[in-house]
Amino acid sequence: ENSIIHNVSVEFIHCDILDETAWGPIPAVHLLISNPPYIPERQKARLDKHVRDFEPGTALFVPDKDPIVFYKQIGLLAKKKLLNGGKIFLEIHHDFSKEIIKWYQENGFSVELRKDFSGKNRMIRAFRCSFSLNPVFIHRQHCSGSQFTRHPHNGYHVVDGNIFICIDHDGRLFPFFGQERYELG
């Protein structure tokens, strides 16, 4: 309906995001934007009546045992279908922001968190990191906590003596806290 109202050409692909075998028809994309279900079943009774009674349950609720299941699947989809320089924009449940961010960072994404008008963690922007190591030997630099240092000769970030590189499509460097870590001796 919105595509007709705004006179834009949109290809709608209906598939189950939780079923990776259904992702075949999804093309490579520059953006993944989603407001996935994120309310745990146990919070159903606390929802406002106008939300609970007018939105389908499948659009709202997630299993209590894995409330970030859709975020994980969207991240896995992004690993397969997000083009170089592409971004992910997701509305999130504020109670699970740390868990969602941790999962994305551990899976090779750089993440920015945004708050809503109430000051609650509400949205993330994520993009996949590109990796490249220059064979030039770099001495270990020591930093504290989340302090980042740009090496004067090559732009690598050094964190707590470990070196990380993450470059977005604009060529800006960002810290990376994923599984692939390069430690210098």
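Just above, that's the structure.
Before going into details, it helps to say that this report is about the structure given with it. Every residue gets a number counted from 1 within its own chain, in the order that chain's sequence is written. With the structure being a predicted model, the display of local features is reserved for residues of pLDDT at least 70 and the display and counting of side-chain atom pairs for 80 or more, all residues being used for whole-chain, interface and lining totals. Note that water and hydrogens are dropped before the side-chain values are worked out from all heavy atoms of the structure.

### Quick look at the overall build of the chain
Logical step 1: When helices and strands are tallied, the chain shows five helices and ten strands.
Logical step 2: Relative accessibility under 20% of the residue-type maximum defines a buried residue, over 50% an exposed one, and the middle range a partly exposed one, all with a 1.4 Å probe and only protein chains included. Residues counted as buried form 39% of the 185 residues belonging to the chain.
Logical step 3: Within the chain, contacts between residues separated by at least 24 positions form 52% of all contacts whose residues are at least 6 apart in sequence.
Logical step 4: Carbon and sulfur atoms make up 53% of the accessible area of the chain, which amounts to about 11,600 Å² in all. Starting at the N terminus, helices and strands are each numbered in turn, a helix being any DSSP run of H or I of at least four residues and a strand any DSSP run of E of at least two. The contact definition used throughout considers only heavy atoms, calling two residues in contact when any of these lie within 4.5 Å. Under the convention used here, a 1.4 Å probe and the Shrake-Rupley method define accessible areas, while residue burial counts only the protein chains that appear.

### Focus: the side chain of His93
Logical step 1: Structurally, His93 can be placed in the loop between strand E4 (82–91) and helix H5 (97–106).
Logical step 2: Pairs of N or O atoms are called polar contacts if they sit within 3.5 Å, as long as, within protein, a hydrogen donor faces a hydrogen acceptor (for residues adjacent in sequence, only side-chain-to-side-chain pairs). One polar contact links the side chain of His93 to the main-chain amide nitrogen of Asp95, over a distance of 3.0 Å.
Logical step 3: Not counting chain neighbours up to four residues away, the residues in contact with His93 comprise Tyr38, Ile39, Pro40, Gln43, Tyr71, Asn121 and Arg122.

### What about the sheet that holds strand E5 (residues 109–115)?
Logical step 1: The four strands are arranged E1-E4-E6-E5 in an open sheet whose pairing can be described as mixed. Single-partner strands in this sheet number two, and they are strand E1 (29–34) and E5. Between one strand axis and the next, the sheet turns through 15° on average, direction left out of account.
Logical step 2: Here, strands pair whenever DSSP counts at least two bridges between them. Sheet analysis places E4 next to strand E6 (residues 121–128), joined by five bridges and oriented antiparallel. For Lys87, the partnering residue across the bridge sits in E6 and is Phe127.
Logical step 3: Against the sheet, helix H4 (residues 69–81) contacts E1, E4, E5 and E6, and its axis sits at roughly 165° relative to E4.
Logical step 4: A fitted line through C-alpha atoms serves as each axis, taken over the contacting stretch for helices, and the angle formed by two N-to-C directions is quoted from 0 to 180°. Strands E4, E5 and E6 of the sheet are contacted by H5, whose axis makes an angle of about 160° with E5.

### With respect to the packing of aromatic side chains
Logical step 1: In this analysis, rings of Phe, Tyr and Trp, with Trp reduced to its six-membered ring, are considered paired at centre separations within 6.5 Å, and the interplanar angle assigns stacked below 30 degrees, edge-to-face beyond 60, and tilted for intermediate values. Taken as a whole and judged by the stated rule, the model has two aromatic pairs.
Logical step 2: Considering the side-chain rings of Trp103 and Tyr104, the 5.1 Å spacing of their centres and the 75° angle between planes classify their relative orientation as edge-to-face. Like Trp103, the residue Tyr104 is buried in the burial classification.
Logical step 3: With 5.2 Å between their ring centres and 65° between their planes, Tyr104 and Phe109 make a pair best called edge-to-face.
Logical step 4: Residue classification places Phe109 among the buried positions, given a relative accessible area of 0%.
Logical step 5: Three or more aromatic residues joined by ring pairs make a cluster, and in this case those are Trp103, Tyr104 and Phe109.
Logical step 6: Placement of a positive charge over a ring is assigned whenever Lys NZ or Arg CZ falls within 6 Å of the ring centre and within 35 degrees of the normal to the ring plane. Positioned above the aromatic ring of Phe61, the side-chain terminus of Lys44 is 4.8 Å from the ring centre.

### Concerning the pairing of E4
Logical step 1: Direction of pairing for E1 relative to E4: parallel, over a ladder of five bridges. Bridging from a neighbouring strand, Val29 pairs with Leu82 of E4.

### Some points on the pattern of salt bridges
Logical step 1: Every case where a carboxyl oxygen of Asp or Glu lies within 4 Å of a side-chain nitrogen of Lys or Arg is listed as a salt bridge. One pass over the structure, following the stated rule, counts ten salt bridges.
Logical step 2: In this structure, the salt-bridge partner of Asp53 is Lys49, at a minimum N-O distance of 2.7 Å.
Logical step 3: Exposure remark for Asp53: the relative accessible area of 41% places this residue in the partly exposed category.
Logical step 4: On the basis of relative accessibility, which here comes to 57%, the residue Lys49 falls in the exposed class.
Logical step 5: Its salt-bridge partner being Glu112, residue Arg114 comes within 3.2 Å of it at the nearest N-O pair.
Logical step 6: Here the residues in one salt-bridge network are Lys49, Arg52 and Asp53, joined through shared partners.

### Here's the deal with the pairing of E5
Logical step 1: The pairing of E5 with E6 spans seven bridges and is classified as antiparallel. Paired with Leu113 across the strands is Ile124, a residue of E6.
Logical step 2: Connecting E5 to the next strand, E6, in antiparallel fashion are five residues, including Gly119 with a positive phi near 85°.

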